[in-house]
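Below are the chains, spelled out letter by letter.
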Amino acid sequence: MRTRLAAAIPIAIVLALGLVATSVRPAAPSDPEEAVRAQPGPVAASAIGAPVRTDSAQGTMPLQPVAAMIDAMPARRPHGDRVRAVATLQAFAALSKASNPYLLADARLLARGLRATADRLRPQRYLTPLAWVRSRATPASAPSDAIPPEVTPRSDEAGISAEPSSRRSLVRLNLDLSGVNRSSTAYTRFKSWVDSAVNGSPGYDFHAADAAIMFLLTREVRYCTLGVNLVEAQVAAAEADIGGGGVPDVAGDSYLEVGPMIADLSTVYQTCSAHMTSAQRQRWASYAEQAVWNVWNPDRAVWGGRSSPWSGWSIDNPGNNYHYSFIEATMSWALASGSASWFDLLSRNKLPAMQAYYAKIPGGGSLEGTGYGTAQKRLFDIYGLWRKSTGQDASSSNTHARKTIDYWVHATVPSMDRFAPLGDQSRNSVPELYDYHRHLVLAARYLTMDAEARSIASWWLRSISVPQMGQGANLRYDLLLPAGSGGAPPTARYYAAQGTGHVFARSGWDTNAMWMSFVAGPYNESHAHQEQGGFTLFSRGDWLAVTENIWSHSGIQQGTETHNVLRFERSNPGASQCAAPSGDRIVHQCEPTTSTATVTPGANGALTITANLTPAYRGNPALVSWRRRVDFAGRKLTVLDNFALGSGTTAYFQVNVPVQPTIVDARTVRAGGLRIRVLQPANPQIRLVNWTTVDGDFNRGWRVDVGGSASVYQVELTEI
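Calculation criteria
- Residues numbered from 1 in each chain as written.
- Predicted model: local features only at pLDDT ≥ 70, side-chain atom pairs only at ≥ 80, totals over all residues.
- Heavy atoms only, no water.
- Helix = DSSP H or I, 4+ residues; strand = E, 2+ residues; numbered from the N terminus.
- Expected span 1.5 Å × (residues − 1).
- Buried < 20%, exposed > 50% of the residue type's maximum accessible area, 1.4 Å probe, protein only.
- Disulfide = S-S within 2.5 Å.
- Salt bridge = Lys/Arg side-chain N within 4 Å of Asp/Glu carboxyl O.
- Axes fitted to C-alpha atoms, helices over the stretch in contact; angles between N-to-C directions.
- Parallel < 35°, antiparallel > 145°, perpendicular 65-115°, else oblique.
- Left-handed = near helix turned anticlockwise from the far one by under 90°.
- Contact = heavy atoms within 4.5 Å.
- Nonpolar A, V, L, I, M, F, W, Y, C, P; charged D, E, K, R; others polar.
- Polar contact = N/O pair within 3.5 Å; in protein donor to acceptor, adjacent residues only side chain to side chain.
- Phe/Tyr/Trp six-rings, centres within 6.5 Å; stacked < 30°, edge-to-face > 60°.
- Lys NZ or Arg CZ within 6 Å of the ring centre and 35° of its normal.
- Pairing = 2+ DSSP bridges.
- Core = buried A, V, L, I, M, F, W, Y, C linked by side-chain atoms within 4.5 Å.

Chemist: Can you walk me through helix α16 (residues 376-390) in this structure?
Modeler: Residues lying three or four places apart along an α-helix face the same way, a consequence of the helix completing one turn every 3.6 residues. For α16, spanning 15 residues, the distance from its first C-alpha to its last is 21 Å, which sits close to the expected 21 Å at 1.5 Å a residue. Judged by how many residues are buried, α16 sits mostly within the fold: 14 of 15 residues are covered. At the C-terminal side of α16, Gly-391 shows a positive phi close to 85 degrees.

Right, here's the structure in full:
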């Protein structure tokens, strides 16, 4: 093993020396996006392939300890935050092993020479333990300008304007720590989180930016030392990947993690500049610049001078969670580096596109549903960073951010621990409130100046089952985004989010209230479900009728058969239709389509919804029309369906329930605390389906099928 390792090091150095590339910059086009795309791209090649210093005076690590390190390298996880998790552990090792006599000052030798060797020696890829290397750059004092100048937000500015060059030179990444209360529980918890990391006991998914924040709050150099080591590990690992002929982790999964990874780098790059060498700054800048350039130029993306095209997924879709990551990376790097090109791309193109997109979702929430919709916490963080750094409030040009507070307050069930399960629920199939939901509402509250919305948000934040962040990686949001005190729930008992087509209603704001949700609106996102016309019913602390998706292992059961809608089955399963494999009998809902609904409130929380769901089937001849009326009043939900079928099509009214139902009589079914009574047709055909016998993805749940009609169903759902 040591023989292979010794041979790999000089080979890696030769490869690194061969990666230097030059480029010629053409005249900049007038359009900012085209200007960015016209740049040559491999700007980072010379830094990524820079020669490695191997002088013995810097303490090159002997081969035997290195071989032992390779044996101990932890395997990468296939997705998520595995890069930061492993890199974090490495950086802590650097701090805790200061007595190690074999400290390597230039980590790039280890990164390039050993990473490729480890890849060949193991069936899985490993991350070189770069942080067993202690940084040499540890000045005794912090720079006087470590905290960026404060920028007062201009609350009357609703749009984004391109700043003149003189203004841009003064705009820098601003974390705005002026409101941090150092006597608060949030501060104590956050400091303890970061201190544990510095002392060698990292929590899962520790971010370098947390160390930088603690440095700004305390001016203690040890925090910058940790932050620099963490980012150095990220950059050196990327150099190793590129030097070995591959692509860095920042490009993984269509650049999904580019946002948090480059944000970490940018925050430390600006905050801890005096604790870095000039060579480090150049290497980090080259890496960040290349990553951001590749995001917006998928067909021309390069690493190390080699073509590395990627799909370009969602670079032009402001409503997608990937897009938030792309904007986060671009914004954080633009502000930290002072790049006029990236600043212009954001101010003239990307942020206006976001504003235009969310202006079409005036009621708040996400077209992706409530699972992936929590990613809007990143959207609101982007708005917040831009406002703190430039003084421009990108969120105030429309009502989306403010109305998202109303959306989530009403989407939360009366027991204040769960929420409406709309769309994919891939993180946790059961829709339980988590840190991400708290973060989202904290960020929305920070953005709005509406006193009523802030009051409602404060009430919700102190009433939910997550009164403070539970995971260390999220503690910064309790520190930086105040929850306020007091507050009161809304006076309205229903909420209709016009942009998403999601409707929520309840009998009251007490914890034992009955609550329902309904969907009729746009269906145009990949994480949304075929649930147009679907309803959910909750009462006295538990689900009465709910999508079967929440009882799946995957959380991504999107078909109509798992939702509380009419199910249409055709006699010609071989006929072509949208989103369906050959031979599928079920008639599918299609994207992009838009169903419509009219919501009419009544007295004491009563509500009537009249919806046209026909458009969701996009002209499929198996269905002529479907209209659904839902009446919610007196702790009862009554559903009336009128429909016209194509030749050979059969319609079933279906209700998915969490417990095994029993047939009481020819018209009545009982499922736990729910009674289902068929009012029309006169002679219904009732069948019970155990989902665990249908698909191994389901761990519980039943479906009540009602058949026997070719034109109308009317069903009453009440609690027992």
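Chemist: Can you help me understand the state of the cysteines in this one?
Modeler: Two cysteines, two sulfur atoms, one covalent bond between them: this is a disulfide. In total, this model carries two disulfides according to the counting rule given. Through a disulfide, Cys-224 is tied to Cys-272; the S-S separation comes to 2.0 Å. Torsion about the S-S bond of the Cys-224 and Cys-272 cystine: about -85 degrees, corresponding to left-handed handedness. With Cys-224 in helix α10 (residues 221-243) and Cys-272 in the loop between α12 (258-271) and α13 (278-296), this pair connects stretches of sequence that are 48 residues apart. Comparing Cys-224 with Cys-272, the two get one shared label, buried.

Chemist: Honestly, the pattern of salt bridges in this entry has me stumped. Any pointers?
Modeler: Where charged atoms from two side chains of opposite charge approach closely, those side chains can pair. Scanning the model with the defined rule gives 24 salt bridges in all. Across the salt bridge formed by Lys-191 and Asp-195, the nearest N and O atoms sit 2.8 Å from each other. You can see Lys-191 and its partner Asp-195 sitting in helix α8 (residues 185-198), four residues apart, about one turn around the helix. Residue class for Asp-195 comes out buried when judged on its relative accessible area of 14%. The partner of Lys-636 in a salt bridge is Glu-716, with the nearest N and O atoms 3.5 Å apart. With Lys-636 in strand β14 (residues 636-645) and Glu-716 in strand β21 (residues 712-719), this residue pair connects regions lying 80 residues apart in the sequence. Exposure remark for Glu-716: the relative accessible area of 19% places this residue in the buried category.

Chemist: Sorry if this is basic, but what is going on with the packing of α8 against helix α9 (residues 208-218) here?
Modeler: Packed helices, taken two at a time, are described by their axes: the angle between them and the distance between them. Put simply, α8 and α9 touch, their axes get as near as 10 Å, and they point 120 degrees apart. Between α8 and α9, the interaxial angle falls into the category oblique. Pair α8 / α9 crosses with left-handed handedness. In contact with Tyr-187, Phe-190, Lys-191, Trp-193 and Val-194 of α8, α9 contributes Asp-210, Ala-211, Ile-213, Met-214, Leu-217 and Thr-218. By residue class, the composition of the contact of α8 with α9 is eight nonpolar, one polar and two charged.

Chemist: It is not clear to me how the environment of Trp-193 should be interpreted in this structure. Could you clarify?
Modeler: Position of Trp-193 among the secondary structure elements: in helix α8. Sequence spacing of Trp-193 and Arg-476 is 283 residues, and the spatial spacing of their C-alpha atoms is 9.6 Å. In contact with Trp-193, other than residues within four places in its own chain, are Gly-203, Tyr-204, Phe-206, Asp-210, Gly-472, Ala-473 and Leu-475. A polar atom in the side chain of Trp-193 sits 3.1 Å from the side chain of Asp-210.

Chemist: Honestly, the environment of Glu-232 in this entry has me stumped. Any pointers?
Modeler: Along the chain, the position of Glu-232 falls in helix α10. Counting along the chain gives 51 residues from Glu-232 to Arg-283, while the straight-line C-alpha distance between them is 9.3 Å. Separated by 3.1 Å, the side chains of Glu-232 and Trp-284 make a polar contact.

Chemist: It is not clear to me how the packing of aromatic side chains should be interpreted in this structure. Could you clarify?
Modeler: Centre-to-centre distance and the angle between the planes together describe a pair of aromatic rings. On inspection of all chains with the given rule, the structure shows 25 aromatic pairs. With a centroid separation of 6.4 Å and an interplanar angle of 35 degrees, the aromatic rings of Tyr-287 and Trp-303 are classed as tilted. Taken together, the residues Tyr-287 in helix α13 and Trp-303 in strand β1 (residues 302-303) connect sequence positions 16 residues apart. Chaining the aromatic ring pairs together yields one cluster made of Tyr-407, Trp-408, Phe-419, Phe-504, Trp-515, Phe-538 and Trp-543. Between Arg-281 and the ring centre of Tyr-269, over which it is positioned, the NZ or CZ distance is 4.1 Å.

Chemist: Looking at this structure, I do not really get the sheet that holds strand β9 (residues 566-569). What am I missing?
Modeler: Sheet strands pair via backbone hydrogen bonds, and the direction of the pair is either parallel or antiparallel. In spatial order, the strands read β9-β15-β20-β19; together these four strands make up an open sheet with antiparallel pairing. The open sheet has two edge strands, β9 and β19 (685-690), and neither has a second partner. Taking each pair of neighbouring strands and ignoring which way they run, the sheet shows an average axis angle of 30 degrees. The pairing of strand β15 (residues 650-657) with strand β20 (residues 702-707) spans five bridges and is classified as antiparallel. Counted as the bridge partner of Val-657 is Trp-702 from β20.

Chemist: How do you make sense of unusual backbone geometry when you look at a structure like this?
Modeler: Peptide bonds are mostly trans, and most non-glycine residues show a negative phi. Of note, the amide linkage connecting Glu-591 to Pro-592 takes the cis form, showing an omega dihedral of 0 degrees. Here the residue pair Gln-680 and Pro-681 is connected by a cis peptide bond, since its omega of 10 degrees sits within 30 degrees of zero. Structurally, the position occupied by Pro-681 is in the loop between β18 (674-680) and β19. Its identity is not glycine, yet Ser-254 carries a phi of approximately 55 degrees, on the positive side. Along the chain, the position of Ser-254 falls in helix α11 (residues 252-255). In this structure Ser-254 comes out as partly exposed when scored by relative accessible area, which is 23%. Phi at Asn-604 is positive, roughly 55 degrees, even though this residue is not glycine. A residue is classified by how much of its surface remains accessible, and Asn-604, at 69% relative accessible area, is exposed.

Chemist: What is the right way to look at the sheet that holds strand β11 (residues 596-601) in this model?
Modeler: The strand order across the open sheet formed by eight strands is β11-β12-β13-β14-β21-β18-β17-β16, and the pairing between neighbours is antiparallel. Where the open sheet ends on each side, the last strands, each with one partner, are β11 and β16 (662-663). Alignment of strand β12 (residues 607-612) against strand β13 (residues 623-633), held across six bridges, turns out to be antiparallel. Looking across to β13, one finds that Ala-611 is bridged to Arg-628.

Chemist: In this structure, what is going on with the pairing of β13? I would like to understand it.
Modeler: The sheet contact formed by β13 and β14 spans ten bridges and is antiparallel. Following the sheet pairing, Asp-631 is matched in β14 by Thr-638. Linking β13 back to β14 in an antiparallel pair, the connection comprises two residues, with Gly-634 at a positive phi of about 60 degrees.

Chemist: Could you clarify how one ought to interpret the nonpolar core in this entry?
Modeler: Within soluble globular proteins, side chains that are nonpolar tend to cluster in buried spots. Counting residues in each nonpolar core, the largest one holds 125 residues, and the members touching the most others are Ile-262 and Trp-333. Examining the composition of this core, we find that ten residues originate from one element, helix α14 (residues 321-337), more than from any other. Apart from residues no more than four positions distant in its own chain, Ile-262 is found in contact with Val-250, Tyr-287, Ala-288, Ala-291, Val-292, Ala-329, Ser-332 and Trp-333.

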